[in-house]
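Listed below are the residues making up each chain.
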Amino acid sequence: MAAVQWRSRGRDYDAELQRCRPEATPVEFGDYHPLKPIMVTDTKTRRGTRKGSTSSSSSSSSSAPSDPLSSMLDGTDPLSMFAAASATETSAMPHTSSTGEPGRKKREKQDEAVGSDFEPWSSKRGEILARFTTTEKLSINLFMGSDRGKAPNPGSSAVSEKVRTRLEELDDLEEGSQRELLNLSQQDYANRIEELNQSLKEAWASDQKVKALKIVIQCSKLLSDTSVIQFYPSKFVLITDILDTFGRLVYDRIWTMCSDTRPLPECFTLDDVNDTAKETCLNWFFKIASIRELLPRLYVEAAILKCNHFLNRSGIQETLLRLTAMIRGVGDPLVAAYARAYLCRVGMEVAPHLKECLNKNFFDLLTTFRQISGDSIQKQLLVQRVEVPEYLTLYSPAINWILQCIAYRAAESLLTEMMERCKTLANNALLLNSVMRAFRPEFVAVRAIDFISMIKDCDESGFPKHLLFGSLGRSLACADPPESERLTILNEAWKVITKVRSSQDYINCAEIWVEFTCRHFTKREVNTVLADIIKHMTPDRAFEDAYPQLQSVMGKILTYSHDFSVLFSMERFLPFLDMFQKDNVRVEVCKSIMEVFIKHQVEVTRDPVILNAMLHICKTMHDSVNALTLEDEKRSLSLLIIGFIRMVSFGRDFEQQLSFCVEARATFCNLEPVLVQLIHTVNQLAMETRRVMRGNHSRKTAAFVRACAAYSFITIPSLSSIFSRLSLYLLSGQAALANQCLSQADAFLKAAVSILPEVPRSINVEGKLRSSENFLLDFINNFLATLLVVPDHPEHGVLYLVRGLLNMVQDYTWEDNSDAKVHVYISALPLLAAMSQETYLYSIPNMDSNETLYGGDPKFLSEINKLCETLIGQILDHLKTLTRDESVRRQSALAFSLCAAVLAHGDLRNNKLSQLTINLWNLSHKHGHCETRVSVQTLEHIKHQAQQPGMAHLLDTVQRLTLQSRT
């Protein structure tokens, strides 16, 4: 290819824009149009019409063509057809009277169902295990099993043989088939119980049903042991898990026996249960009835209570009443209370509608309260060194559960009855506490004053009053008491809370009542509460042991206080925040404050109270960053601080805004995303100044925008990310150009060019190494587009920034077998062609570009043409190196790109340039790698261009551009 002489073609951008605009076609609205909305109405089957006939209406006229989608449906809407079919089936369904059998079964099923509003036992399990712990050593009896055979007596009858075998199997448990493990820690004890649970499942799976029963009996016996009384609630939880497993296994076994011939329906009747299943079920109940000890017999029968469904529908109620009466024989009141709790638990699962059985169970429990003050219990507490208040808390899970079962969907009158019973028991604090926790908060809130009066009359030594007020506070946090009583309630409660001596007990109760205070009172009352908390928690640094409760207090304040001017004006809020002195806790609290601020602060602010407080909080988060901080944590903190910066605005006081950014830069210097945001904020501030001044700066505003540019120029070098620096140099340079700060813009753009050699060949993107070429090419293309409006510096040569950029590109170490440098050269040709026009495609108001400075000077145009010729020469030299088989695809793509650039921006009246275009076209199609569709579209575009005025010379070039087959 011979050397070319470049000459850019003249462009009339306004005329080209007019030609590119689409022609407007008038549309008559009465005509059918494919985008005209079609209204589909519901279709219903009517009597007297054939099946499937429908009526529909459409907004289109009858003469319009039919919609192809609607025509497939024969004028019917499928959803309407389904609705009509469903309505037909419903009307044809036989109705059962309210007294009929199906209706009765359905109603019974609804009555028996326990809704999602009932808190299940499983949700309480973890809390009990975590709360009731011990450091005492525990013991457990492990069942070892026995393989002794039983010789049948041929002279006995079949019935007596079964009874004898059953008794012998159970007696085997008493004959040395167990091993006692002593000195177990709490965790070891839990592990042993889990081993027994697994042994139960394995014995059942291997068809050793008697062994499984013996394991359950042995575990039930452990519930009579109160030698480590503080651990009893947790022991109850662990062992009843085994009982639940056993009950499930027995029930599923009998269910399977009923389903051998046909599946058993969910609401089965006794007629659906075969004789074999009934006999097996009876056998289980007979075996359990043969257990000699009361407590194991009671627990195991309760575990399989649900199996009564296979024998008698009324059997469950009879069994519940009988087991309730049996518990009266348990001497230890704590053991009896938990036995009643387990009975209520299985009762709610099997027959929650039998509330009279649950009530009877509870009333029996009340009669055992007098045993607590008896000599035997007092001696036991003395031996184990357990105080009475601590002992009474052991009853809480059992009584709370029993009352929850009774109060579930109960009428409000039942609460009144329970309150009267509490009074007859001299306001038993333990019972009163459970009543407040069990009944619906709405019922308790209405009677808050009555409950406070009852709490006052309780005995302080038995059950601390602050725990009672804690339970009352939980209810009032969920439901509102009468407005006239709220201040009285708060005052009465806080009189008791503030007198609590133990800092841990105090903060546990205060945490609950903070929510009530925040919901119903002003900042004055909240501030008073915070002052009291600080007063109690500061001595002896008690706050260090109460960070979770203090965090909860902060969370509740933030939940109800979204006006941060009010929040930060509270005298005690920041001192309360200072109590969080553990670094990680302090940062978490600051993050929670920032999250609420960003979520609820709708309007920008300049309030000095808010700004000072938020700067203090953000600085706390920033100062927590060190060399060990994870990148995700840095990113999270940066986003929160950026959210705050975006909400700060001083309105037209731009200088104050810049001062804030200067202060923020010094404060958050270790978080790079924050610095990037500050630079964006300052650039936006400069552009806002330009908008206010409408592009005509005064001396003062001109100095201000130069100060903004100086801020960015100083800050950008501190960033570690090379691409952040490049993009911000370019963006800041564009902002400086828009504000006629030519020397500042020049400095930004030169700085961007100077750091191009620092760009690494690969960068880390989401943990993976990626080539940086695409990022670099995007930046360079953006940079080239900016250079069109940048005037040349009077002390430098023509196009010095363009030349400097191209020199850097030439010297940059690109990847092997990379065409990126040539792509930059090709991208530079349109820029140089645009620079040679009399009027530029775009310009900056009130600023002269090279079009005005040079005024179409032939020397300037000659420099542009020479530079273009140099670039084309470099590109052609590179194309000559791509002759190998593995490189021809790259050669084809580059040749086509250069050909398109010459066609769009070169003056093809120059024969050499026209011949270069033809040669490049042929080269790109030589090996069949050029996409035919793109080639055809390119030719069509050139033919269209040839029809425009002054472009007829393109016809000759088009005739010489041919499409070659891929063969």
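If you're wondering where the values come from, they're calculated on a predicted model, not measured in any experiment. (Residues numbered from 1 in each chain as written. Predicted model: local features only at pLDDT ≥ 70, side-chain atom pairs only at ≥ 80, totals over all residues. Heavy atoms only, no water.)

*Asks:* Which residues make up unusual backbone geometry, and what values go with them?
*Replies:* Its identity as a non-glycine residue notwithstanding, R409 has a phi of 55°, on the positive side. The topology assignment puts R409 in the loop between α18 (396–407) and α19 (412–424). You can call R409 exposed: its relative accessible area is 57%. With a phi close to 55°, N817 is a non-glycine residue in the positive phi region. (Helix = DSSP H or I, 4+ residues; strand = E, 2+ residues; numbered from the N terminus. Buried < 20%, exposed > 50% of the residue type's maximum accessible area, 1.4 Å probe, protein only.)

*Asks:* Quick one: what's the story with the packing of aromatic side chains, residue by residue and with numbers?
*Replies:* Going through the model one piece at a time under the given rule, you end up with 36 aromatic pairs. Each ring, one from F654 and one from F704, has its centre 6.3 Å from the other, and the planes form 25°; the classification is stacked. Linking F654 in helix α33 (residues 654–667) with F704 in helix α35 (residues 699–715), this pair joins segments that are 50 residues apart in sequence. With 4.8 Å between their ring centres and 70° between their planes, Y812 and W814 make a pair best called edge-to-face. Owing to a relative accessible area of 12%, W814 belongs among the buried residues under this scheme. (Phe/Tyr/Trp six-rings, centres within 6.5 Å; stacked < 30°, edge-to-face > 60°.)

*Asks:* Account for the pairing of strand β4 (residues 768–771), with residues named and values stated.
*Replies:* Alignment of strand β3 (residues 762–765) against β4, held across four bridges, turns out to be antiparallel. Within the sheet, the bridge partner assigned to I763 lies in β4 and is R770. Taking the residues between adjacent antiparallel strands as the criterion, β3 and β4 are bridged by two residues, where E766 takes a positive phi near 55°. (Pairing = 2+ DSSP bridges.)

*Asks:* Which residues make up helix α34 (residues 672–693), and what are the values?
*Replies:* Since the α-helix turns once every 3.6 residues, residues separated by three or four places project in the same direction. The terminal C-alpha atoms of α34 lie 32 Å apart, and with 22 residues this matches the ideal 32 Å at 1.5 Å per residue to within 8%. Along α34, the positions that sit buried rather than exposed are V674, L675, V676, Q677, L678, I679, T681, V682, N683, L685, A686 and T689. Looking at the buried positions of α34, the neighbouring elements they touch are α32 (631–646), α33, α35 and α36 (722–738). Downstream of α34 by a residue or two, R694 has a phi angle that is positive, lying close to 55°. (Expected span 1.5 Å × (residues − 1). Contact = heavy atoms within 4.5 Å.)

*Asks:* Pulling in residues and values, what's your account of the environment of T938?
*Replies:* Tracing the chain through its elements places T938 in helix α45 (residues 932–946). Here T938 falls in the buried class, since its relative accessible area comes to 18%. Put simply, T938 and A900 are 38 residues apart on the chain and 8.2 Å apart in space, counted from C-alpha to C-alpha. Not counting chain neighbours up to four residues away, the residues in contact with T938 comprise F896, L903 and W921.

*Asks:* Account for the pattern of salt bridges, with residues named and values stated.
*Replies:* Throughout the structure, instances matching the rule amount to 33 salt bridges. Across the pair R7 and D907 runs a salt bridge, and its minimum N-O distance is 3.8 Å. With R7 in the segment before α1 (13–20) and D907 in the loop between α43 (888–905) and α44 (911–925), this residue pair connects regions lying 900 residues apart in the sequence. Judged by relative accessible area, which is 51%, R7 ranks as exposed. Between K124 and E119 there is a salt bridge; the shortest N-O distance is 3.4 Å. (Salt bridge = Lys/Arg side-chain N within 4 Å of Asp/Glu carboxyl O.)

*Asks:* Give a detailed account of the environment of D956, specifying residues and quantitative values.
*Replies:* Following the sequence through the fold, D956 ends up in helix α46 (residues 954–959). The spacing of D956 and S914 is 42 residues in sequence and 9.3 Å in space, taken between C-alpha atoms.

*Asks:* Can you lay out the side chain of D241 for me, pointing to particular residues and giving the numbers?
*Replies:* As for its placement among the helices and strands, D241 is situated in helix α9 (residues 232–258). Polar side-chain contacts of D241 include one of 2.7 Å to the side chain of R125. In contact with D241, not counting residues within four places along its chain, are R125 and N197. (Polar contact = N/O pair within 3.5 Å; in protein donor to acceptor, adjacent residues only side chain to side chain.)

*Asks:* Before we move on, could you go through the confidence of the model for the chain and cite the residues and values that matter?
*Replies:* Overall, the predicted model of the chain reaches an average pLDDT of 84, with 84% of residues at or above 70. Across residues 70–75 the pLDDT falls below 50, and counting only partners more than four positions away or on other chains, this stretch makes five contacts in the model. Low pLDDT, under 50, characterises residues 145–159; the stretch is placed with 10 contacts to residues that sit more than four places away or in other chains. (pLDDT = per-residue confidence, 0-100.)

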